[in-house]
Amino acid sequence: MKKRHEQKLVILSMLILLALNIPLLLLFDSSKPLFGFPIIYIYIFSAWLFSIATSYLIIKRYYE
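Because the structure is predicted, anything quoted here is derived from the model rather than measured.

A.B. asks: Break down a positive patch on the surface for me, citing the residues and quoting the values.
C.D. replies: A cluster of basic residues, K2, R4, K8 and R61, forms a positive patch at the surface. Among the secondary structure elements, R61 is positioned in helix α3 (residues 39-62). On the basis of relative accessible area, R61 is assigned to the exposed category, the value being 62%.

A.B. asks: Just give me the short version of the packing of helix α1 (residues 3-19) against α3, but keep the residues and values in it.
C.D. replies: In contact at an axis separation of 10 Å, α1 and α3 are set at 180 degrees when each is read in the N-to-C sense. Judged by the angle between their axes, α1 and α3 are roughly antiparallel. Along the contact surface, α1 presents H5, K8, L9, L12, I16 and A19, while α3 presents Y43, A47, F50, S51, T54, S55, I58, I59 and Y62.

Definitions and cut-offs
- Residues numbered from 1 in each chain as written.
- Predicted model: local features only at pLDDT ≥ 70, side-chain atom pairs only at ≥ 80, totals over all residues.
- Heavy atoms only, no water.
- Patch = residues over 30% accessible without salt bridge, like charges linked within 9 Å, V, L, I, M, F, W, Y side chains within 5 Å.
- Areas by Shrake-Rupley, 256 points an atom, 1.4 Å probe, with all protein chains shown as cover.
- Salt bridge = Lys/Arg side-chain N within 4 Å of Asp/Glu carboxyl O.
- Lys, Arg positive; Asp, Glu negative; His and termini not counted.
- Charge placed at Lys NZ, Arg CZ, Asp CG, Glu CD.
- Helix = DSSP H or I, 4+ residues; strand = E, 2+ residues; numbered from the N terminus.
- Buried < 20%, exposed > 50% of the residue type's maximum accessible area, 1.4 Å probe, protein only.
- Axes fitted to C-alpha atoms, helices over the stretch in contact; angles between N-to-C directions.
- Parallel < 35°, antiparallel > 145°, perpendicular 65-115°, else oblique.
- Contact = heavy atoms within 4.5 Å.

Below is the structure:
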């Protein structure tokens, strides 16, 4: 894997670290459910799914 593709994964890791940081998580902490689930759960699992899908695409496309 080339250095720039490794850098993409490092940037993705930093973005996920920021997305799952406490101050940002508290923005989504409300008592209103969305589709029967608390909004914070939907936010956490969608960020997690986004990180998995993005890292999969980077690794699958650029693995040499």
